[in-house]
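So you can see what is in the structure, the chains are spelled out below.
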Amino acid sequence: MKGLPMVDLASQYQKIKGQIDKAIIDVVESTAFINGPEVKAFSDELANYLGVKHVIPCANGTDALQIAMMGLGLKPGDEVITPSFTYVATVEVIALLGLVPVFVDVDPDTFTMDLSALEKAITPKTKAIVPVHLYGQCAEMEGILSIASKHNLAVVEDTAQAIGADYIFKDGKKAKAGTIGDIGTTSFFPSKNLGCYGDGGALFTNNDELATVIRKIANHGQEVRYYHSLVGVNSRLDSIQAAILRVKLPHLDGYNDARRNAADLYDKAFAPYEQISTPKRADYSTHVFHQYTLKLTGVNRDGLIAHLGEHGIPAMLYYPVPVHRQEAYKHLTTDESHLKNTNDLTDVVLSLPMHSELEESTVSFISETLIKFLK
Ligand SMILES: *Cc1c(COP(=O)(O)O)cnc(C)c1O
């Protein structure tokens, strides 16, 4: 039996194949591979979609985070607060620049930064906060921003998993994930909600000065060619990827709706089973379900994964080891008692197939197969 995919990029491509193929060939024929008009056009269209002043494209989501840290002018030894319950990239760039990652716990229901933990982690050396909109739902940005402004800290939103999600402020106003803090970063890795066909990333900001600095840093620290006022990096979104993203951007809301529909179907199927907690929907954010992640209680997770596997159903652990327990980072945390939720969640989370092409019958097959294991 051919197994199901976690993410079905092939079916998604078939539906837009004509436009995608043409977009790629047009770039090839134009030979404007680097910084071609497609890159500028995509950046403008994404800025318009997000309702943000500046979109600065770059090579991938990890670079976007690194360029954000550099753009804030952080200095070695400065502390940056981030969750440990995230993909390693968030922390990696902090360490790489000689900054000090300070891990805070997450809320056990939303999987995003816990605000009381955040407040406790602030020291005189703290310079920035990097909330991660994990699995496709925003961290509680309004609370984070008020703590940040009280302590004069920069906020960089890691939006790699939540592009297109709406943050809903207490007064009812909405803003797109990644446009709320000082800088937002995202990734166009193929399996992300807005994925290209290779690597890609971007930074967002409403701050003109930051935009100028970020643009320079991503381009070898130059504004005028061969005149380098800053130490920069070479980080570009290539024109073929930009052309692909221009085709896909108008579908993003539809893709996210399809993910939400699939999530609703999963939720309904699992509702009667107390061993399974379905993902909480926060009232301050829409959810774009980059991942559909369950919490299991009293279930043999390894056994369940094997059972699903026997029926051709993949299931993943995002992530099997939290960053503070990784070989490269464990020296940063001598006492991990403040990361209890992170450690506990690592033992109980399970992500099921989730993508824009998931059909109702497939969701039923997956959920029924899972439920059989509980009985
Ligand atoms: C994917 C991801 C990144 C990194 O993106 P790349 O494009 O793979 O470099 C960063 N943070 C989070 C939370 C991610 O999921």
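What counts and how
- Residues numbered from 1 in each chain as written.
- Predicted model: local features only at pLDDT ≥ 70, side-chain atom pairs only at ≥ 80, totals over all residues.
- Heavy atoms only, no water.
- Axes fitted to C-alpha atoms, helices over the stretch in contact; angles between N-to-C directions.
- Helix = DSSP H or I, 4+ residues; strand = E, 2+ residues; numbered from the N terminus.
- Parallel < 35°, antiparallel > 145°, perpendicular 65-115°, else oblique.
- Left-handed = near helix turned anticlockwise from the far one by under 90°.
- Contact = heavy atoms within 4.5 Å.
- Nonpolar A, V, L, I, M, F, W, Y, C, P; charged D, E, K, R; others polar.
- 1 Å grid on protein atoms, 1.4 Å probe; cavity = no way out; pocket = protein on both sides within 12 Å on 5 of 7 lines; lining within 4 Å.
- Points joined across faces, edges and corners; volume = space filled by probe spheres on them.
- Pairing = 2+ DSSP bridges.

Here helix H9 (residues 252-270) crosses helix H12 (residues 360-374) at 30°, and the two axes come no closer than 10 Å. When the axes of H9 and H12 are compared, the pair comes out roughly parallel. Handedness of the crossing formed by H9 with H12: right-handed. Here Ala 262, Leu 265, Tyr 266, Ala 269 and Phe 270 of H9 lie close against H12, whose contacting residues are Glu 360, Val 363, Ile 366, Ser 367, Leu 370 and Ile 371. When the residues that make up the contact of H9 with H12 are grouped by side-chain class, the tally is 9 nonpolar, 1 polar and 1 charged.

Here the focus is the layout of surface pockets. By volume, the largest pocket is sized at about 630 Å³. Contributing to the lining of the largest pocket are 23 residues, with Asn 35, Ile 56, Pro 57, Arg 215 and Asn 219 lying nearest its centre. For the lining of the largest pocket, the elements supplying multiple residues, two or more each, are helix H2 (37-50), strand E1 (54-58) and helix H7 (208-218). In terms of residues, the lining of the largest pocket owes the most to one element, H2, which gives 5 residues. Partitioning the lining of the largest pocket into residue classes produces 8 nonpolar, 7 polar and 8 charged. The computed volume of the second largest pocket comes to approximately 510 Å³. What lines the second largest pocket is a set of 27 residues, among which Tyr 87, Gln 161, Phe 189, Lys 192 and Tyr 319 lie closest to the centre.

Okay, the sheet that holds strand E5 (residues 154-158) next. Strand order in the open sheet made by the 7 strands is E1-E9-E8-E5-E4-E2-E3, with mixed pairing throughout. The open sheet has two edge strands with one neighbour each: E1 and strand E3 (100-104). Sheet twist, expressed as the mean angle between neighbouring strand axes with direction ignored, is 25°. Note: strand E2 (residues 79-83) against strand E4 (residues 126-129), 3 bridges, orientation parallel. Looking across to E4, one finds that Val 80 is bridged to Ala 128. Of the strands in this sheet, E1 and strand E9 (201-205) are in contact with H2, which crosses E1 at around 135°.

Attention now moves to the sheet that holds strand E12 (residues 349-352). Strand order in this open sheet of 3 strands is E10-E11-E12, and the pairing throughout is antiparallel. Strands at the two margins of the open sheet, each flanked by one partner only, are strand E10 (276-277) and E12. Here 4 bridges tie strand E11 (residues 292-296) to E12, and the two strands are oriented antiparallel to one another. Of the residues in E12, the one forming a bridge with Leu 294 is Leu 350. Its contacts with the sheet put H9 on E10, E11 and E12, and the angle it makes with E11 is roughly 20°. Strands in contact with helix H10 (residues 301-310) are E11 and E12; relative to E12, the strand with the most contacts, it is inclined by about 15°.

Structural measurements only, silent on function.
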